[in-house]
Amino acid sequence: MSFRLPSSMQVLERGWLSANNILFFEGERASLIDSGYHSHVGQTLALLHHALAGRRLERLYITHAHSDHMGGNPAVQAAYGCQIHIPAGSAEAVARWDEDALLLAPLGQSAPRYQYDHLIQAGEAFELGGLCWQAQAAPGHDMHALVYYNPEKRLLISGDALWENGFGLVFPDLLGQPGGLDAARQTLEHLGRLAIDCVIPGHGVPFVAVDEALARAHQRLAGFIDNSEKFAWNATKVLVAFVLQDKQRLPSADFPAFVHAIPLIWSMNERFLGLEENQLIRRVYEDLERSGALYRDGDFIYSQ
Ligand SMILES: [Zn+2]
């Protein structure tokens, strides 16, 4: 990437289980966007400790209230005493710790409970790392998600609304709540109207080929809108691969029970796919093996 981020920012690129951590330095103080998945919290704290180099972490923001973006919130808050800022639309779900609304129970995922200190409204602006960031609504993957945009440096922190190759699963429609796909399309159209030189996504390396990424995202979304089986099957694979990444390995014989324990897969199957249970489990195994997301060694299955 030829683009240089401002020196007051540092992106800790993580994997898929943990979202990227984006740090902002303000003299002796610092702020963070997104805290990763809870099972990676030891690594998150070690990375933060190193990057902060003695600075005080005072504020923690999230792009949206999903396990891979907020899982480190309580541990980071306990370590630094920072204030937690979350998108206003997720206030109730976080306050009540609604495991369904937070997509924890339905996805077979977990995150430790925390209390937020402040709500971020779409349209609000605040300073991070000496730069002014606008919170903008980015519904689709999550109807309450926000992206953070800095017009001066033409930077976008996109969460899971836009990646270099795609975007996060569009959950509302997968959950039987139509409107997410249309919202995702409108969000991409909105992002296409912003002047952006660099996108810092929730997952993957920051990228500058923004028009190309938007074109790919539109194309992918159109494919999902046209073909609900493709949409649901892609989600099935992503959900299994995610939980497997958390577990890292499991006995091959446990794979059917493991897939069985992800409730959303079965409601999607009912809604979109209509496969026999064994057929679904076999197909997801074969597809993930073919794509390299899992491999078998002896009696165990390993995440890639
Ligand atoms: Zn994510």
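This part covers the environment of Phe3. In this fold, Phe3 is placed in the segment before strand E1 (9-12). As a C-alpha pair, Phe3 and Arg296 span 293 residues in sequence and 40 Å in three-dimensional space. What Phe3 contacts, discounting residues up to four positions off in sequence, is Lys153, Leu155, Asp197, Cys198 and Val208.

What follows deals with the pairing of strand E4 (residues 56-61). With 5 bridges joining them, strand E3 (residues 29-33) and E4 adopt parallel strand pairing. Its bridge partner being in E4, Leu32 is matched across the sheet by Leu60. A crossover connection joins E3 to the parallel E4 through helix H1 (residues 41-52); in handedness this β-α-β unit is right-handed.

Attention shifts here to the packing of helix H8 (residues 228-247) against helix H11 (residues 277-291). Axis angle and axis distance: for two packed helices, these are the angle between their axes and the distance between the axes, and together they describe the pair. Orientation of H8 relative to H11, taken along the N-to-C sense of each, is 75 degrees, at an axis distance of 10 Å. Between H8 and H11, the angle is such that the two are roughly perpendicular. For the pair H8 and H11, contact is made by Trp233, Thr236, Lys237, Val240 and Ala241 and by Leu280, Arg283, Val284, Asp287 and Leu288, respectively. Grouping the amino acids of the contact of H8 with H11 by side-chain chemistry returns 6 nonpolar, 1 polar and 3 charged.

You'll often see interface size given as the accessible area lost when the parts meet. With domains assigned, the protein chain is organised as domain 1 (9-226) and domain 2 (235-303). Using C-alpha coordinates to define each centre, domain 1 is positioned 26 Å away from domain 2. Opposite the 17 residues of domain 1 that make contact, domain 2 presents 14 residues. Approximately 1,300 Å² of surface area, both sides summed, lies buried where domain 1 meets domain 2, with 68% of it carried by carbon and sulfur atoms. The largest contributions to the domain 1 side of the interface with domain 2 come from Leu17, Leu169 and Leu174, which together make up 39% of the buried area. The tally of links from domain 1 across to domain 2 stands at 0 salt bridges. If you look at where domain 1 meets domain 2, you find 5 residue pairs in polar contact (both at pLDDT 80 or more).

Taken as a whole, this structure holds 13 aromatic pairs when the rule is applied. Ring geometry for Trp97 against Tyr114: centres 5.5 Å apart, planes inclined by 75 degrees, an arrangement best described as edge-to-face. Of this pair, Trp97 sits in the loop between helix H4 (91-96) and strand E6 (118-120) while Tyr114 sits in the loop between H4 and E6, and the two are 17 residues apart along the sequence. Trp97 sits in the buried class, given a relative accessible area of 10%. You can call Tyr114 buried: its relative accessible area is 4%. Taken together, a centroid distance of 5.6 Å and an interplanar angle of 70 degrees make the contact between Phe126 and Tyr148 edge-to-face. One end of the pair, Phe126, is in strand E7 (residues 125-128); the other, Tyr148, is in strand E9 (residues 146-150), and 22 residues separate them in sequence. Put simply, the rings of Phe167, Phe224, Phe231 and Phe272 touch in pairs and so form one group of aromatic residues.

Enumeration according to the criterion identifies 10 salt bridges in this entry. When the shortest N-O distance is used, the salt bridge between Arg96 and Asp98 registers 3.5 Å. With a closest N to O distance of 3.1 Å, Arg154 and Asp197 form a salt bridge. Here Arg154 is found in the loop between E9 and strand E10 (155-159), whereas its partner Asp197 is found in the loop between helix H6 (180-193) and strand E11 (198-201), with 43 residues between them in sequence.

Quick notes on the rules
- Residues numbered from 1 in each chain as written.
- Predicted model: local features only at pLDDT ≥ 70, side-chain atom pairs only at ≥ 80, totals over all residues.
- Heavy atoms only, no water.
- Helix = DSSP H or I, 4+ residues; strand = E, 2+ residues; numbered from the N terminus.
- Contact = heavy atoms within 4.5 Å.
- Pairing = 2+ DSSP bridges.
- Right-handed = clockwise from strand over helix to strand, strands pointing away.
- Axes fitted to C-alpha atoms, helices over the stretch in contact; angles between N-to-C directions.
- Parallel < 35°, antiparallel > 145°, perpendicular 65-115°, else oblique.
- Nonpolar A, V, L, I, M, F, W, Y, C, P; charged D, E, K, R; others polar.
- Domains from an automatic or database assignment.
- Buried area = accessible area lost by both parts, 1.4 Å probe.
- Salt bridge = Lys/Arg side-chain N within 4 Å of Asp/Glu carboxyl O.
- Polar contact = N/O pair within 3.5 Å; in protein donor to acceptor, adjacent residues only side chain to side chain.
- Phe/Tyr/Trp six-rings, centres within 6.5 Å; stacked < 30°, edge-to-face > 60°.
- Buried < 20%, exposed > 50% of the residue type's maximum accessible area, 1.4 Å probe, protein only.

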